[in-house]
Amino acid sequence: AQKFSLGSRNSFVGLQSAKYGAIKLGKSDTPYMTSTGRMDPFASTPGDYNAIMGNSGGDNRAEFDMRLPHSVWYESPKMHGFNVNVLVSPGQNRSTDTGLYAQGEPDCSGGNSTAGLNGNAGQPTSCTDGSFNTAYSAAVIYEAGPLYAIAGFERHNKVNRTGDEIDPGTIGIRNESGYKLGVQYAFPTKTTVNFIVERLKRDAITPDLD
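## Regarding the overall build of the protein chain
Looking only at helices and strands, one finds 1 helix and 8 strands in the protein chain. For the protein chain, the α and β elements follow one another from N to C terminus as β-β-α-β-β-β-β-β-β. Counting across all 210 residues of the protein chain, residues that qualify as buried make up 39%. In the protein chain, of all internal contacts separated by at least 6 residues, the share reaching a separation of at least 24 is 57%.

Below is the structure:
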């Protein structure tokens, strides 16, 4: 995967107005992800909160902390301390099981990729570790003085996680969603307290009891 080429990180074109907000098209960190970014005092260190936040497996795959490609999003102006950010990312997946990458993208829609691993150069050959059909992400933010509060929601449709299967058919193609509430307060002493509660959900496959 091309990690440092043009368009590999946050990049977009758009229109912005102080009165109406901004609408953008490109690749971006999701509103769900960025809404609590300031609450991660150990970002980019071994203590990064992504070890548990947005991460259902406790590994390097933080399913709800990602940068989404070919997205359209709206950022509202701040009104009475509130602003709203909403993003839609069509997976542009050409297969019914969302197991392929979008044309022109070096990574799968869910962020995973087999390209560049174990001598496998070029485009990924499969996207069975989180590639989605369409993703939606939103966050409502309130900021006033020392108080900062958020409510975030994100949903990934038809996520392919067959790469996790030990027994074929046990995981399959399902929807995933997450929501979180967060509050940050900065005291006059410069002490800052953060509180975040999050729930991640994956639609279950009903087991065959026969």
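The structure having been displayed, the exposition proceeds.
## Some words on unusual backbone geometry
Phi angles above zero are rare outside glycine, and His80 is one such case at about 55°. Relative to the assigned elements, His80 resides in the loop between strand 3 (67–75) and strand 4 (82–90).

## Things to note about the sheet that holds strand 4
Within the open sheet, the 8 strands sit side by side as 1-2-3-4-5-6-7-8. Their pairing is antiparallel. Edge positions in the open sheet fall to strand 1 (11–17) and strand 8 (192–202), since each of these has one partner strand only. The average angle at which neighbouring strand axes cross in this sheet is 15°, direction not considered. Strand direction decides the pairing type here: strand 2 (residues 21–29) and strand 3, joined by 7 bridges, are antiparallel. Residue Ser28 lies in a different strand from strand 3, and its bridge partner there is Leu68.

## Concerning the environment of Asp29
Examined against the element boundaries, Asp29 turns out to sit in strand 2. Not counting chain neighbours up to four residues away, the residues in contact with Asp29 comprise Asn10, Thr34, Met66, Arg67 and Leu87. A distance of 3.5 Å separates polar atoms of two side chains, one belonging to Asp29 and the other to Arg67.

## Notes on the nonpolar core
Counting 7 residues, the largest nonpolar core consists of Met66, Leu68, Trp73, Leu87, Phe132, Ala135 and Val159. Excluding residues that lie within four positions of it along the chain, Leu68 makes contacts with Gly26, Lys27, Ser28, Thr30, Leu87, Ser89, Ser109, Phe132 and Ala135.

Each value, and the rule that gives it
Residues numbered from 1 in each chain as written. Predicted model: local features only at pLDDT ≥ 70, side-chain atom pairs only at ≥ 80, totals over all residues. Heavy atoms only, no water. Helix = DSSP H or I, 4+ residues; strand = E, 2+ residues; numbered from the N terminus. Buried < 20%, exposed > 50% of the residue type's maximum accessible area, 1.4 Å probe, protein only. Contact = heavy atoms within 4.5 Å. Pairing = 2+ DSSP bridges. Axes fitted to C-alpha atoms, helices over the stretch in contact; angles between N-to-C directions. Polar contact = N/O pair within 3.5 Å; in protein donor to acceptor, adjacent residues only side chain to side chain. Core = buried A, V, L, I, M, F, W, Y, C linked by side-chain atoms within 4.5 Å.

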